[in-house]
Amino acid sequence: MNLRRTVAILGLTTAMVSGGALAANAITGGQADGGGHPNVGMIGYYDASGRQRCSATLVSPTIVLTAGHCADGTIGKTAVSFDSVIAQDPSSSLPPAADPTVGYTAAELAADGWRSGTAYAHPAYSHFTDKDSWNDVGVVVLDQPVTDITPVSLAPVGYLDQFTPSVLNSTLFTAVGYGVDVTRADSGPQNPTPQSYPILRRVADAPGQKLTSQILQVNGSSNDSKGTGGICFGDSGGPSFNGGYQVGVASYTYSSTCRSIDGLQRVDIPVVQDWLAGFGVYPAS
């Protein structure tokens, strides 16, 4: 896997293994989402490290919101799907590009039933180097608008500032994504390991832990008495919701087994919302 390590922080991109297989399963803990969040999708793309996958959210008919590290340095087109189940086994996974050196083309993705778009990272994305200007947010501009799915509502500016530390610690934030589920296998070694299939959209609730000017941290442990799980590799770019709004984008975790503190890029801050306005995306009024 390409974990994109920075100090103790692990970025949540998931690398795709060869032969059409995707090296991941789902949010750690939680449950299958089914049709609960039809505007949350999976994206796939190529970068210098190979084929990758992340999660994302439809925020307008032509814009998908994801993490900056899922949009930075992409090669060719980005594949997008809003299916709740992507693959039961390797035979049904996102196919490899005809020419990995140029990435996906719109035509080959359309032929395989995927939407396509072009990715852009926030110009001030800090590449996991500066928590005061984290800006781990990106978008995929779709080649064709989505007309059959209702976009999410982004939280208004300063929405999270209402949560004092004591209130934050008792508030649940709902994460949705297509990332790795780290569990014990049915047989063999019983150390928790990433389970590759099926690949499906899952959902989990995590209590707030800390709030900064850029980051919302939550307790993503499935053993937490208040929550049901958290994000893991492949959930990067996926949303966290509260009060009917998307408040964050999955950015990082502190543990290679993902049962730890999760970091979410805030989307209710001016530096993010001013940039999204350039794509015609605005918060709820």
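Cut-offs used in this document
Residues numbered from 1 in each chain as written. Predicted model: local features only at pLDDT ≥ 70, side-chain atom pairs only at ≥ 80, totals over all residues. Heavy atoms only, no water. Pairing = 2+ DSSP bridges. Helix = DSSP H or I, 4+ residues; strand = E, 2+ residues; numbered from the N terminus. Buried < 20%, exposed > 50% of the residue type's maximum accessible area, 1.4 Å probe, protein only. Polar contact = N/O pair within 3.5 Å; in protein donor to acceptor, adjacent residues only side chain to side chain. Salt bridge = Lys/Arg side-chain N within 4 Å of Asp/Glu carboxyl O. Disulfide = S-S within 2.5 Å.

K.L.:
What's the story with the pairing of strand β11 (residues 115–121) in this structure? I'm lost.
P.N.:
Successive side chains on a regular strand alternate, one facing one side of the sheet and the next facing the other. Sheet topology note: the strand β9 (residues 75–81)/β11 ladder contains three bridges and is antiparallel. Each bridged residue has a counterpart across the sheet, and for V80 the counterpart in β11 is R115. Where β11 meets strand β12 (residues 138–142), five bridges bridge the pair, whose relative direction is antiparallel. Residue pairing in the sheet places A119 in a bridge with V140 of β12.

K.L.:
What's the story with unusual backbone geometry in this structure? I'm lost.
P.N.:
With glycine set apart, most residues show a phi of negative sign, and most peptide bonds adopt trans. A positive phi angle, near 55°, is found at H127, a position not held by glycine. Structurally, H127 is set in the loop between β11 and β12. Here the phi dihedral of N135 falls at roughly 50°; this positive angle occurs in a residue that is not glycine. Counting through the fold element by element, N135 comes out in the loop between β11 and β12.

K.L.:
Explain the environment of S251 to me, please; I cannot follow it from the model alone.
P.N.:
Mapped onto the secondary structure, S251 falls in strand β21 (residues 245–253). You can call S251 buried: its relative accessible area is 0%. For the pair S251 and F128, spaced 123 residues apart in sequence, the C-alpha separation works out to 9.2 Å. Within the structure, the side chain of S251 is placed 3.0 Å from the side chain of W134, a separation counted as a polar contact.

K.L.:
Just checking my understanding: could you explain the pattern of salt bridges for this structure?
P.N.:
Here the structure, examined in full by the defined rule, presents five salt bridges. Its salt-bridge partner being D33, residue R201 comes within 2.8 Å of it at the nearest N-O pair. Of this pair, R201 sits in the loop between β16 (199–200) and β17 (202–211) while D33 sits in the loop between β5 (31–32) and β6 (40–47), and the two are 168 residues apart along the sequence. D33 shares its class with R201; the two are buried. Between D148 and R115 there is a salt bridge; the shortest N-O distance is 3.7 Å. Of the two residues, D148 sits in the loop between β12 and α2 (165–168) while R115 sits in strand β11, which places them 33 residues apart along the sequence. Judged by relative accessible area, D148 falls into the exposed class, the value being 60%. Taken together, the shared-partner salt bridges in this structure form one network comprising D161, R266 and D268.

K.L.:
Before we go on, may I ask you to explain the state of the cysteines in this structure?
P.N.:
Two cysteines form a disulfide when their sulfur atoms are joined by a covalent bond. Within this structure, the stated rule accounts for one disulfide. The disulfide that involves C54 links it to C70, with 2.0 Å between the sulfurs. Sign of the S-S torsion, about -80° for the bond between C54 and C70, identifies this disulfide as left-handed. Within this pair, whereas C54 is found in strand β7 (residues 50–60), its partner C70 is found in the loop between β8 (63–66) and β9, the two being separated by 16 residues in sequence.

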